[in-house]
Amino acid sequence: MTTMTTPAPVLPGKTGPYRADQVGSLLRSQALKAARADHAAGKLDALGLRTVEDAEIKKLIARQEAIGLQAITDGEYRRSWWHYDFLWQLDGVSRVELDQGIQFAGVQTKGEAPRVTGRIDFTTHPFVEHFKFLKANTTRTAKMTIPSPSMLHYRGGRKLINMGLYPDMADYYEDLGQAYRKAVHAFYDAGCRYLQLDDVSFAYLCDPEQKKMLAERGDDPDKQGGIYAGMVSAAIGGRPKDLAITMHLCRGNFRSTFVASGGYEPIAELLFNAMPVDAYFMEWDTERAGGFEPLRFLPKGKAVVLGLVTSKTGVLEAKDDIKRRIDEAAKYAPIEQLCLSPQCGFASTEEGNTLAEDEQWRKLEMIVEVAREVWG
């Protein structure tokens, strides 16, 4: 197996991002899928499910360490969604069933979502315990991933907020930002030093069809990015200096399909300069993501993790092609501020993308190899 002998993170004094990194979710093992199915059918109790989850996550951690990754996740093995499982366990949020799911290119998700049924807050959350288990079982940097606060608004807007709760949406955004601020500190107190906010809203705001959708439901697409950036700033502003916070941007990832298209140009300046985020995981695996020109807005002291390796198929990219694209990106931002990762997770939902586990691991191992060859 490949290992990196000098796994220094790209930002001095920070525990991430690393030259070879990953977004977070990994394909669910067959044992885990079977246990979750048995639990849903009433054949396995909560303790039995957790026992299987614990065992499978320990195997997953060992595999990540063996191939040389330094940022280790639990693969989101305890979740069914990358975002909803976190959101509907915030105070004031409930899980509801819908007539239809999220429409991707040619496929639709399960019909369920978070609904705001009370004032939003953060007191306790099971994800904090999930992180503690991860940290206790790796010798590397334990990386926690949670959805960005905008994810409790972007999908459903006001229609998924109970009537009368927030007559003024400014109060809603304020409560959500402050709830996330408490969450950030709860993870820090649990030992987290590398926290990632997963977000689709900023990349979706680059797609004319998505902007049209927002306008038709009553939101102003030209103002929404600034509102979301304000929530992120409220959530992470003034955080401890040794806590690295990154943001992952995505155009949709479900069963190897997508939702949005469009380069980052419309949101690049806002993205890089309006939020106190340390680094950005950005999708550049297809032409839908546009060129690297938006990197010219990247300020000193921040980093971008280039998502050049697709998680949507099992076809392994050529190392020389990846290196060539890193060189292209370095025309717009110093190579010292760049890293490498897959463009997204391999299983944003428990169903996973259409590739084999061995193909997933080969891609991650190749990323480690390329990072070592490019950055040393």
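Nothing here was measured: the structure is a model prediction, and the numbers come from that model. (Residues numbered from 1 in each chain as written. Predicted model: local features only at pLDDT ≥ 70, side-chain atom pairs only at ≥ 80, totals over all residues. Heavy atoms only, no water.)

J.: Help me out: how do you make sense of empty space enclosed by the protein in this one?
T.: Where empty space is left can be seen by rolling a probe of water-molecule size over the atoms. If you walk through the whole model with that rule in mind, you get four cavities of 30 Å³ or more. Counted as a void, the second largest cavity has a volume near 70 Å³. For the second largest cavity, the lining is made up of 13 residues, of which Pro 114, Leu 152, His 153, Gly 156 and Leu 160 are closest to its centre. Tallied by class, residues from the lining of the second largest cavity come to nine nonpolar, three polar and one charged. (1 Å grid on protein atoms, 1.4 Å probe; cavity = no way out; pocket = protein on both sides within 12 Å on 5 of 7 lines; lining within 4 Å. Points joined across faces, edges and corners; volume = space filled by probe spheres on them. Nonpolar A, V, L, I, M, F, W, Y, C, P; charged D, E, K, R; others polar.)

J.: Which parts of the structure should I look at to understand the pattern of salt bridges?
T.: When their charged atoms lie close together, side chains carrying opposite charge are able to pair. One pass over the full model with this rule turns up 24 salt bridges. For Lys 143, the salt bridge identified is with Asp 21, shortest N-O distance 3.6 Å. Here Lys 143 is found in the loop between β6 (141-142) and β7 (144-147), whereas its partner Asp 21 is found in the segment before α1 (30-40), with 122 residues between them in sequence. Judged on exposure class, the residue Lys 143 and its partner Asp 21 are both buried. Salt-bridge contacts for Glu 365 lead to Arg 362; the nearest nitrogen and oxygen are separated by 3.7 Å. Of this pair, Glu 365 and Arg 362 both sit in helix α11 (residues 357-375), three residues apart, which is roughly one turn of the helix. Given a relative accessible area of 15%, Glu 365 falls into the buried group. Residue class for Arg 362 comes out partly exposed when judged on its relative accessible area of 33%. Here the salt bridges share partners, and the residues they tie into one network are Lys 319, Lys 323, Arg 362, Glu 365, Glu 369 and Glu 373. (Salt bridge = Lys/Arg side-chain N within 4 Å of Asp/Glu carboxyl O. Helix = DSSP H or I, 4+ residues; strand = E, 2+ residues; numbered from the N terminus. Buried < 20%, exposed > 50% of the residue type's maximum accessible area, 1.4 Å probe, protein only.)

J.: Any chance you could explain the packing of aromatic side chains here in plain terms?
T.: The description of an aromatic ring pair rests on the distance of the ring centres and on the angle between the ring planes. A full pass over the atoms with the stated rule returns eleven aromatic pairs. A ring pair is formed by Tyr 166 and Tyr 172, whose centres lie 5.3 Å apart and whose planes are at 80°; its orientation type is edge-to-face. The class of Tyr 166 is buried, set by a relative accessible area of 1%. Here a set of aromatic residues connected by ring pairs shows up, and it is made of Trp 81, Tyr 84 and Trp 88. Between Arg 78 and the ring centre of Phe 133, over which it is positioned, the NZ or CZ distance is 5.0 Å. (Phe/Tyr/Trp six-rings, centres within 6.5 Å; stacked < 30°, edge-to-face > 60°. Lys NZ or Arg CZ within 6 Å of the ring centre and 35° of its normal.)

J.: Honestly, the packing of helix α10 (residues 319-329) against α11 in this entry has me stumped. Any pointers?
T.: For any two helices packed against each other, one specifies the inter-axial angle together with the distance between the axes. Viewed as axis vectors pointing N to C, α10 and α11 meet at an angle of 50°, and their least axial separation amounts to 11 Å. Between α10 and α11, the angle falls in the class oblique. Viewed along their axes, α10 and α11 form a crossing whose handedness is right-handed. Counted together, Lys 319, Ile 322, Lys 323 and Ile 326 of α10 and Met 366, Glu 369, Val 370, Glu 373, Val 374 and Trp 375 of α11 form the full contact between these two elements. (Axes fitted to C-alpha atoms, helices over the stretch in contact; angles between N-to-C directions. Parallel < 35°, antiparallel > 145°, perpendicular 65-115°, else oblique. Left-handed = near helix turned anticlockwise from the far one by under 90°. Contact = heavy atoms within 4.5 Å.)

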